[in-house]
Amino acid sequence: MSRVPEEYRDLRFKEGLEDIWTRLRQANKTIEDEKPWELYKKGETERLTQVLTTLVNDVIFLVNLASPVIPETAEKILDNLLAEKIVKCEPLFPRLEKN
């Protein structure tokens, strides 16, 4: 289970966000390891469904944990994830230009 709520309660926002980023990196590793695009190409729809469902659920969980810190962005992410149809959206975290 997540320590993030307790870290937020204790005003340790940095630690809470670090925990979220650790979990996001784990989700990213799952994508790299499972290669859902290859599962799709091979017709392994049952495994593909399992992998994508797990990833979407993980992201929803993590977005909810991050919502006190990034409420508008969290709302946009959830709106896109929970929509009936996937649509292209604007970048949520645009790149900062180096000066």
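I will try to describe carefully the structure that is included in this document.

Criteria and thresholds
Residues numbered from 1 in each chain as written. Predicted model: local features only at pLDDT ≥ 70, side-chain atom pairs only at ≥ 80, totals over all residues. Heavy atoms only, no water. Axes fitted to C-alpha atoms, helices over the stretch in contact; angles between N-to-C directions. Helix = DSSP H or I, 4+ residues; strand = E, 2+ residues; numbered from the N terminus. Parallel < 35°, antiparallel > 145°, perpendicular 65-115°, else oblique. Left-handed = near helix turned anticlockwise from the far one by under 90°. Contact = heavy atoms within 4.5 Å. Nonpolar A, V, L, I, M, F, W, Y, C, P; charged D, E, K, R; others polar.

On to the packing of helix H4 (residues 45-66) against helix H5 (residues 71-82), then. Remark: H4 packs on H5, axes separated minimally by 10 Å, with the N-to-C direction vectors making an angle of 155 degrees. When the axes of H4 and H5 are compared, the pair comes out roughly antiparallel. Crossing of H4 against H5: the hand is left-handed. Taking contact as the criterion, the partners of Val56, Val59, Ile60, Val63 and Asn64 in H4 are, on H5, Ala74, Ile77, Leu78, Leu81 and Leu82. Partitioning the contact of H4 with H5 into residue classes produces nine nonpolar, one polar and no charged.

Right, let's talk about the side chain of Glu7 for a bit. Looking at the element boundaries, Glu7 is found in helix H1 (residues 4-9). Apart from the residues within four sequence positions on either side, Glu7 is in contact with Arg12, Phe13, Glu15, Gly16 and Asp19.

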